[in-house]
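Fold and geometry: a report
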Amino acid sequence: MPIAHVMASGIGGMRTAGDLVAWMQMSKKMRINEAKQYVADKLGIAVIDLANEEVMREIREDLDIGLITAIAGKVKGIAAKKRIADLLEITIPSVEMFKAKLN
Amino acid sequence: MSGYILTRMGDGERVSLPTDEVRADIIAGTEEAAAKGNIPPLTSEEIDELYDIIADKNRIVSVEPGNEVVMTDDGGAMLLVLDQPDGGLGLSMGRAEAIYAYERICCADTVHLGHFDYSFKPLKAIISLEANEYYNASLMTTTPMFYGSQPNMGLYFTPDGPVRNPTELFQAGDIKGAQDAQDEAGEYMREDILHVVKQLSEVGCEGINFDTAGSSGDAELRVVLECVEEIKRINPGMPIIVGMSGEFVLGMHGAAEYKGKKLAGMYPHEQVGIIEEAGTDIYGPAINVNCSKSFPWNLARAVTFVKATSAVANIPIHPNVGMGVCGIPMFEQTPIDCVTRVAKAMVEIGKADGL
């Protein structure tokens, strides 16, 4: 059932910009239109392209913020989240903890 | 068959209903919600839109491009490893691997970790293990990861817990004793919730999901809201979801209040105000399903409540769209035709910010 919901109305997670929009709802309580506009502005794309694989694949690869397919040497996990926090200008608790461990 | 629409009942049974009966059920469902919640019914345009979604001849429907929303869940990844009582698949894999699969294969917008014994009370004893599991997984995930659990105040009453059972006290006519018992259980629950969240905060937890809040009634919801407030005071950067257990707050206590507002009997469009006030980041309304009514009736009813809630909300609302809530039939293997129609209707008519 969750997969059916994801396919019917989800943004697409790491395939597109779903995680980025989710971070804005979580960290700034933004409602969906505001969150999508914020992320689209940060990425320099139209809102409709947030769920467009053809656009978001290249953007994610260029910005190195985590890809759905495995490419050795590209960022993954906490490193991707650190870059996402910088891109969106938000604070992510796990990233803050990770940074503290590096100091 | 011309003049008929293939749809379902609230228990998932497939039925073929005349088109005028489907429309009549939609109207009856929205009017029922409007009367119960004292909220506006769907407009005639929205009724037409909902009818078109339900009558769509395709088995699976979806939102239009540009209307996509954020998916949160109460254990979507965990379904890979849980067993039948939770609708799980029982695959022999770890929870972290399930989360990675859910993130990478299912492409969810957020992921979720929770323990098999999904309440704060049992969690307290093993929270160091859970914190470790969360920490390990969070190093490898890119999408936001919530830790979820149920407040489940009922576990603190005899025979499962230390507090006298209010149901027995009610039966004995001891109303005050029953209220006191709920207040006492609430204090145990508060201690457990805050202990668990503190431990998770120390490993960089990205979000907490209070799942099925208010399942033991208004006294439980009051403590959940006070916990949200306390968590936000200690750790303002901790995102919090409060998802409800039902469409209105059960008055098991009857006098429980939050910031001077009586909780018992609140419907979603009223709940969202106090939930925002506590500091919650995302609210999950849950609208009950009537198995004896048709899917069109149930979906119209649920969308009416969600639309009214969305209209007054200042935070994202993610309606709970699991089995038996918000129009999804009460059937273990939820029919995909209904699941996708609920998703589309909740977003495009209900104006949900996520599911």
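Before going into details, it helps to say that this report is about the structure given with it.

Scoring rules and cut-offs
- Residues numbered from 1 in each chain as written.
- Chains lettered and ligands numbered in written order.
- Predicted model: local features only at pLDDT ≥ 70, side-chain atom pairs only at ≥ 80, totals over all residues.
- Heavy atoms only, no water.
- Helix = DSSP H or I, 4+ residues; strand = E, 2+ residues; numbered from the N terminus.
- Rg over C-alpha atoms; globule rule 2.2 N^0.38 Å.
- Lys, Arg positive; Asp, Glu negative; His and termini not counted.
- Charge placed at Lys NZ, Arg CZ, Asp CG, Glu CD.
- Patch = residues over 30% accessible without salt bridge, like charges linked within 9 Å, V, L, I, M, F, W, Y side chains within 5 Å.
- Areas by Shrake-Rupley, 256 points an atom, 1.4 Å probe, with all protein chains shown as cover.
- Salt bridge = Lys/Arg side-chain N within 4 Å of Asp/Glu carboxyl O.
- Expected span 1.5 Å × (residues − 1).
- Buried < 20%, exposed > 50% of the residue type's maximum accessible area, 1.4 Å probe, protein only.
- Arc of directions from axis to C-beta.
- Contact = heavy atoms within 4.5 Å.
- Phe/Tyr/Trp six-rings, centres within 6.5 Å; stacked < 30°, edge-to-face > 60°.
- Lys NZ or Arg CZ within 6 Å of the ring centre and 35° of its normal.
- Buried area = accessible area lost by both parts, 1.4 Å probe.
- Polar contact = N/O pair within 3.5 Å; in protein donor to acceptor, adjacent residues only side chain to side chain.
- Nonpolar A, V, L, I, M, F, W, Y, C, P; charged D, E, K, R; others polar.
- Pairing = 2+ DSSP bridges.

A few words on the overall build of chain A. Helices and strands together make up the secondary structure of chain A, namely six helices and zero strands. When the helices and strands of chain A are listed from N to C terminus, the series reads α-α-α-α-α-α. Whereas a compact globule of 103 residues would reach a radius of gyration of roughly 13 Å, chain A reaches 14 Å, a difference of no more than 12%. With respect to the principal axes defined by its C-alpha atoms, chain A has extents near 40 × 35 × 30 Å. Across chain A, the 15 positively charged side chains and the 13 negatively charged ones have centroids separated by 8 Å.

There is a patch of nonpolar side chains on the surface, built from Met1 of chain A together with Met323 and Met330 of chain B and spanning about 250 Å² of accessible area. Turning to its location among the elements, Met1 of chain A is positioned in the segment before α1 (2-9).

Residues and elements named next belong to chain A. The terminal C-alpha atoms of helix α3 (residues 32-43) lie 16 Å apart, and with twelve residues this matches the ideal 16 Å at 1.5 Å per residue to within 8%. Ile32, Ala35, Lys36, Val39, Ala40 and Leu43 are the residues of α3 that are buried. Down the axis of α3, the buried side of the element spans an arc of 130°, and every buried residue falls inside it. Facing away from the buried surface of α3 by more than 90 degrees, the exposed residues are Asn33 and Asp41. At its buried positions, α3 is contacted by α2 (18-28), α4 (53-63) and α5 (77-88). Downstream of α3 by one or two residues, Gly44 has phi in the positive range, about 70°.

Geometry of an aromatic ring pair is reported as the spacing of the ring centres plus the angle between the planes. Residue and element names in this part refer to chain B. All chains considered together, the criterion is met by four aromatic pairs over all chains. Ring centres 6.4 Å apart and planes at 15° place the aromatic pair Tyr156 and Tyr188 in the stacked group. Of this pair, Tyr156 sits in the loop between β4 (145-149) and α6 (166-171) while Tyr188 sits in helix α7 (residues 175-201), and the two are 32 residues apart along the sequence. Overall, Tyr156 belongs to the buried group, its relative accessible area being 2%. With a centroid separation of 5.3 Å and an interplanar angle of 5°, the aromatic rings of Tyr267 and Phe305 are classed as stacked. Note that Tyr267 is positioned in the loop between β8 (261-262) and α9 (268-278) and Phe305 in helix α10 (residues 295-312), a separation of 38 residues in sequence. With respect to class, Tyr267 is no different from Phe305; both count as buried. An aromatic cluster is built from Phe248, Tyr267 and Phe305, whose rings are joined through pairwise contacts. The lysine or arginine in question, Arg95, covers the ring of Phe116, its NZ or CZ lying 5.4 Å from the ring centre. The ring of Tyr156 carries Lys121 above its face, with NZ or CZ at 5.7 Å from the centroid.

Our focus in this paragraph is the interface of chain A and chain B. On the side of chain B, 62 residues touch chain A, which itself brings 44 residues to the contact. Both faces considered, chain A and chain B share a buried interface measuring about 4,000 Å² in area, 64% of it formed by carbon and sulfur atoms. Contact with chain B buries surface across chain A, with Met26, Lys29 and Arg31 of chain A losing the most and accounting together for 18% of the total. Scanning the region where chain A abuts chain B turns up three salt bridges. Taking the shortest distance from any N to any O, the salt bridge between Lys81 of chain A and Glu206 of chain B comes out at 2.6 Å. Our count for the chain A to chain B interface comes out at 25 residue pairs in polar contact (both at pLDDT 80 or more). Broken down by secondary-structure element, the contributors of at least two residues to the side of chain A that touches chain B are α1, α2, α3, α5 and α6 (93-102) of chain A. Among the residues making up the side of chain A that touches chain B, the classes are represented as 27 nonpolar, nine polar and eight charged.

Attention now goes to the pairing of strand β2 (residues 14-18) of chain B. The alternating pattern of β2 of chain B places Val15 and Leu17 of chain B on a buried face, while none of Arg14, Ser16 and Pro18 of chain B, on the opposite face, is buried. Linking two consecutive strands that pair antiparallel, namely strand β1 (residues 4-8) of chain B and β2 of chain B, is a turn of five residues; a positive phi of about 95° is found at Gly12 of chain B within it.

All names here are of chain B. The amide bond that connects Thr158 to the next residue, Pro159, takes the cis arrangement and shows omega of 5°. The topology assignment puts Pro159 in the loop between β4 and α6. A positive phi angle, close to 60°, is found at Cys107, a residue other than glycine. The exposure class of Cys107 is buried, given its relative accessible area of 5%. Its identity is not glycine, yet Lys259 carries a phi of approximately 50°, on the positive side. Residue placement: Lys259 occurs in the loop between β7 (257-258) and β8. By relative accessible area, which is 44% here, Lys259 ends up partly exposed.

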